[in-house]
Each structure stands twice: as structure tokens, then as C-alpha cells.
Amino acid sequence: MKTKNAKPISQILINQKTAPWIFVSPFLISFLLFTLYPLINTFIMSFQDVAGFDDVSFIGLKNYKNLCNEQFFHALENSTIYTILTIIVLIPLPLFLAVLINSKTTKLKNFFKSAYFLPALTSVVVAGLFFRYVFSAQDTAFVNSVLIKLGAAPKKWLFQRATTMFVLVLFCTWKWIGVNMIYFLSGLNAIPQEQYEAADIDGVNTWQKFWYITVPNLKNVTIYVITISVYGGFAMFGETYTMFGSASSPGDIGLTMVSYIYLEGFNYARIGMGSAIGVALFVIIMVVNIIQLFATGTFKKQS
């Protein structure tokens, strides 16, 4: 028998208090299982010596003390340089392309949007292998063959630190320039056209409109692009792994923070040490992003 106060399931599902929790429950469950739990477990393992599922011992801060080594600082230096260079390239260049495509005189806008965004859909592994063979040290490799025809000497691109960094930044630019351009295009479309029309009446030239109207209105988009670029730069792994065929590289010229985590955690089976590197990387990314948010005035605006 049905009780007098019983409510049908459909009424419970559409209730204003329960319905929101039902809709967000898939995200909450996936966040708890695949983000929060691994994060907490990684932090715990960073204080342990993990030799197996049943062979775990607490060693305190020993893993963090072992971080003060040449390989860690080399990986940190490579990741920092890579992040800075990608930000220098992937902020002004996509912005310039977005302004050109958004111009009223530009034709085939959808074609250019698709052409620039297409590399982002390419697998990192496939693209990494492509760059690996294009920039091979052999004289018959594409880039070296072009240099030889131009009368220049071929280079061992992936055996020198400077040229390796150049290839990595070029790879990142090719793959993500379209994504950042789409972000800036969305910001440009949100700028009120009345501001440009008023500037035209006042006789403002193109450069002044860009500097005093476009750039200030794109501040939030720029901050967002910088934030994800900082994360992407320090978290870079697939590019170096595919180009060198492993997490290690000659003289650690391609060693990044995530590559170092892979080496310690999987190649050397020092999971506790790998966890400590992961925690350190998390702290570094958070500190860098907080500094840039304060520098750009984002936190002041919120307060």
C-alpha cells in the first residue's frame, strides 16, 4: 500500500533541492575518483618508500631532501624555459591572427579558422613522430636536406639543447596556435562595436584602436590563455617522449618535470620519489599562476 505522504520518483527527481545534485553527480563522482583521490594518495606516497603493494614504509621528508639534485634542477630549468618561450610566442601570434581573421576585409574566415585549429586535433604521438623524423640528424631528413640545398650545414637537431628547445617550441606553436586563436576570436566578438565606431569618429588610427580598445578588452582572455599555458608548459611530456622514443634524452636535453616523474616512478621504480616530484610540480604551477594573477590584478579585481 502507498503511504499518504509518499511522493512519486519523478517528483523527487525534479525537486529543486535534489535535481541539481543529480545532474552534477557524474562530475562529482569522477572528480573524487580520478582527481581528488589520486592527489591525496600522491601526497601521502611522497612521504613513503613504495616498493610494492604490500611493501610500503614511511620515510618522512627523505624523498623531498633527495629532490635537491642536478637532474631535478635540470628538468625544472628545461620546463621553465619551455614555458616562458611558448608564452612569448603563443600570446601575441594567435592574437595577431585573430585580429586579421576578425577583420571585415578578410575572406574565407571559416577556412582559416579550421586550418589553424586542425593541428590541435592531431594526436601528440603522431605529430611527435612526424617532428622526430623531419628534424632527424640524417642528411636525408627533410629539414637537413633543405639546409644542404641552401648551402648550409646540416644540424643534429635533437642532440643539442638549443636546437631541441627550438623544435619543442615549434611543435607547441604548430599544435596550439589555433586553440589560442579561437580564444582570442571569442573575446574579439564580445567587444562592443560602438567603441570602434566612436574611435572612428574621433579619428583614431588602426594601431591606437588595437592598443587602447582591443588589448584592454581582451585582458581576461589573455589571463586565461597565460594560465593554461603555464600548466601546459610545465606538464609537457608527450612531445619529448615521442621525439626521443623514451623519457630520457641525450644529456637530459629534453628532460622535463613530467619526464623526470616518469623516470623515477616507472623506469627506476621509485614511486615515492616520483610522487614527491609530482607534489613539487603541483606547488610550482600553483605558485606561478598565483603570482601572475596578482601581477595582472585579477585578485584585486575580485576583492
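Shown above is the structure to which this text applies.
Residues numbered from 1 in each chain as written. Predicted model: local features only at pLDDT ≥ 70, side-chain atom pairs only at ≥ 80, totals over all residues. Heavy atoms only, no water.

K.L.:
Tell me about the overall build of the protein, residues and numbers included.
P.N.:
A count of helical and extended segments in the protein gives 16 helices and two strands. In terms of overall size, the protein is more extended than a compact globule, its C-alpha atoms giving a radius of gyration of 25 Å where 303 residues would be expected to give roughly 19 Å. Along the three orthogonal principal directions, the C-alpha set of the protein runs to about 75 × 60 × 40 Å. Per-residue burial for the protein yields a buried fraction of 35% across its 303 residues. Across the protein, the fraction of contacts at a sequence separation of at least 24, relative to all contacts at a separation of at least 6, is 63%. When the accessible surface of the protein is summed, it comes to about 18,900 Å², and 68% of that surface belongs to carbon and sulfur atoms. Computed over 21 positive and 13 negative side-chain charges, the separation of the two mean positions in the protein equals 11 Å. (Helix = DSSP H or I, 4+ residues; strand = E, 2+ residues; numbered from the N terminus. Rg over C-alpha atoms; globule rule 2.2 N^0.38 Å. Buried < 20%, exposed > 50% of the residue type's maximum accessible area, 1.4 Å probe, protein only. Contact = heavy atoms within 4.5 Å. Areas by Shrake-Rupley, 256 points an atom, 1.4 Å probe, with all protein chains shown as cover. Lys, Arg positive; Asp, Glu negative; His and termini not counted. Charge placed at Lys NZ, Arg CZ, Asp CG, Glu CD.)

K.L.:
Which residues make up the pattern of salt bridges, and what values do they have?
P.N.:
In total, this model carries three salt bridges according to the counting rule given. Between Glu 77 and Arg 161 there is a salt bridge; the shortest N-O distance is 3.2 Å. Taken together, the residues span a long stretch of sequence, with Glu 77 in helix H4 (residues 70-90) and Arg 161 in helix H9 (residues 161-189) at a distance of 84 residues. Here Arg 161 falls in the partly exposed class, since its relative accessible area comes to 29%. (Salt bridge = Lys/Arg side-chain N within 4 Å of Asp/Glu carboxyl O.)

K.L.:
Which residues make up the packing of helix H5 (residues 92-102) against H9, and what are the values?
P.N.:
Think of two packed helices as two axes; the pair is described by the angle between the axes and how far apart they sit. Contact geometry of H5 with H9 gives a least axis separation of 8 Å together with a crossing angle of 55 degrees. When the interaxial angle is binned, H5 and H9 end up oblique. The handedness of the crossing between H5 and H9 is right-handed. Along its contact with H5, which presents Leu 93, Pro 94, Leu 95, Leu 97, Ala 98, Val 99, Ile 101 and Asn 102, the element H9 presents Thr 173, Ile 177, Asn 180, Met 181, Phe 184, Leu 185, Leu 188 and Asn 189. When grouped by side-chain class, the residues that make up the contact of H5 with H9 number 12 nonpolar, four polar and no charged. (Axes fitted to C-alpha atoms, helices over the stretch in contact; angles between N-to-C directions. Parallel < 35°, antiparallel > 145°, perpendicular 65-115°, else oblique. Left-handed = near helix turned anticlockwise from the far one by under 90°. Nonpolar A, V, L, I, M, F, W, Y, C, P; charged D, E, K, R; others polar.)

K.L.:
Just give me the short version of the packing of aromatic side chains, but keep the residues and values in it.
P.N.:
Counted under the stated rule, the structure contains 20 aromatic pairs. Aromatic side chains Phe 131 and Phe 171 sit 4.7 Å apart centroid to centroid with 20 degrees between the ring planes, which places their arrangement in the stacked category. With Phe 131 in helix H7 (residues 124-134) and Phe 171 in helix H9, this pair connects stretches of sequence that are 40 residues apart. For Phe 171, a relative accessible area of 1% puts it in the buried group. (Phe/Tyr/Trp six-rings, centres within 6.5 Å; stacked < 30°, edge-to-face > 60°.)

K.L.:
An account of the side chain of Thr 214 is needed here, citing residue identities and associated values.
P.N.:
The topology assignment puts Thr 214 in helix H11 (residues 206-217). Here Thr 214 falls in the buried class, since its relative accessible area comes to 5%. For Thr 214, the residues in contact, after removing those within four places along its chain, are Leu 188, Ile 191, Tyr 196 and Lys 209.

K.L.:
A description of the side chain of Asn 63 should follow, citing residues and the corresponding values.
P.N.:
Mapped onto the fold, Asn 63 is located in helix H3 (residues 62-65). Apart from residues lying up to four places away in sequence, Asn 63 is in contact with Met 45, Ser 46, Phe 47, Gln 48, Gly 272, Met 273 and Ala 276.

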